[in-house]
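# A closer look at the structure
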Amino acid sequence: MVPEATTGPTPGQPDKQVHVLGREAASLWSQVLEAVPTTARRDRGVYLARHATAAAAARQPDQALEIGRAAAEIAVETRSVRMARELATLKRAMRPWQDAPVGRDLSEILVPVTEGS
């Protein structure tokens, strides 16, 4: 049997499990990023994008934006297709805030990434 936390929201608890898992993932990505050497730019960028997506899942859109900004800078520098895909995932995760200032800021930050790919 698959644990409920991996199967998505349950009736009466809309996305509570996703929120909890997002917080846990964001914490783990912070630990991973501490161990990644700054010379591993592409890996660091991918991990930052995943960390930002986890922050969005944890309902921390401001944190997701700031982490995503760092990932986008690296994506533009390296022209990494893999990073661009991860940032597209972040954009989808940020849909609940797409009409808020944080969502508009993210869209603006991602323009150079999508133009370069």
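See the structure shown above.
Our subject in this report is the structure included herewith.

Thresholds, definitions, all that
- For every chain, the first residue of its written sequence is number 1, and the numbers climb from 1 along that sequence.
- Selection of residues for local features in this predicted model requires a pLDDT of at least 70, selection of side-chain atom pairs for listing and counting requires 80 or more, and totals for whole chains, interfaces and linings are taken over all residues.
- Computation of side-chain values: all heavy atoms of the structure, hydrogens and water removed.
- Going along the chain from the N terminus, every DSSP run of H or I of four or more residues is numbered as a helix, and every run of E of two or more is numbered as a strand.
- Classification of residues uses two cut-offs on accessible area relative to the type maximum, computed with a 1.4 Å probe and protein chains only: under 20% is buried, over 50% is exposed, and between them is partly exposed.
- In this description, contact between two residues means that some pair of their heavy atoms is separated by no more than 4.5 Å.
- Method for areas: the Shrake-Rupley scheme with a 1.4 Å probe, in which residue coverage is limited to the protein chains shown.
- By this rule the span expected of a helix is its residue count minus one, scaled by 1.5 Å.
- Axes, fitted as lines to C-alpha atoms, cover a helix only where it is in contact. Angles between the N-to-C directions of the axes lie from 0 to 180 degrees.
- Angle categories: roughly parallel below 35 degrees, roughly antiparallel above 145, roughly perpendicular from 65 to 115, and oblique for all the rest.
- Handedness of a crossing is defined here by the sense of rotation of the near helix relative to the far one, left-handed for an anticlockwise turn of less than a right angle and right-handed for a clockwise turn.
- We call Asp, Glu, Lys and Arg charged. Ala, Val, Leu, Ile, Met, Phe, Trp, Tyr, Cys and Pro are nonpolar, and the rest, Gly among them, are polar.

What follows concerns the overall build of the chain. In terms of helices and strands, the chain carries five helices and zero strands. The secondary structure elements of the chain, listed N-terminal to C-terminal, are α-α-α-α-α. Taken over 117 residues, the chain has a buried fraction of 39%. The contacts of the chain with a sequence gap of at least 6 include a subset with a gap of at least 24, amounting to 57%. Just so you have it, the chain exposes about 7,000 Å², and 54% of that area is on carbon and sulfur atoms.

Let us look at helix α3 (residues 61–78). Its 18 residues give α3 an end-to-end C-alpha distance of 25 Å, which sits within 8% of 26 Å, the value for a rise of 1.5 Å per residue. Buried residues of α3: P61, A64, L65, I67, G68, A71, A72, I74, A75 and T78, and no others. Two residues or fewer after α3 comes R79, characterised by a positive phi angle close to 55 degrees.

This part covers unusual backbone geometry. Within the chain, R59 stands out as a residue other than glycine whose phi angle is a positive 65 degrees. With respect to the secondary-structure elements, R59 resides in the loop between α2 (41–57) and α3. Under the relative-accessibility criterion, R59 is labelled partly exposed at 39%.

What follows deals with the environment of G103. By the element assignment, G103 lies in helix α5 (residues 101–116). A residue is classified by how much of its surface remains accessible, and G103, at 4% relative accessible area, is buried. Sequence spacing of G103 and L65 is 38 residues, and the spatial spacing of their C-alpha atoms is 8.0 Å. Leaving out residues up to four positions away in the same chain, G103 has contacts with W97 and Q98.

Helix packing geometry: the angle between the two helix axes and the distance between the axes. Close contact between α2 and α3 brings their axes to 8 Å; oriented N to C, the two are set at 155 degrees. In terms of their interaxial angle, α2 and α3 are classed as roughly antiparallel. α2 and α3 meet at a crossing whose hand is left-handed. In contact with R41, R42, R44, G45, L48, A49, H51, A52, A55 and A56 of α2, α3 contributes Q63, A64, I67, G68, A70, A71, I74, E77 and T78. Residues belonging to the contact of α2 with α3 are distributed by class as follows: 10 nonpolar, five polar and four charged.

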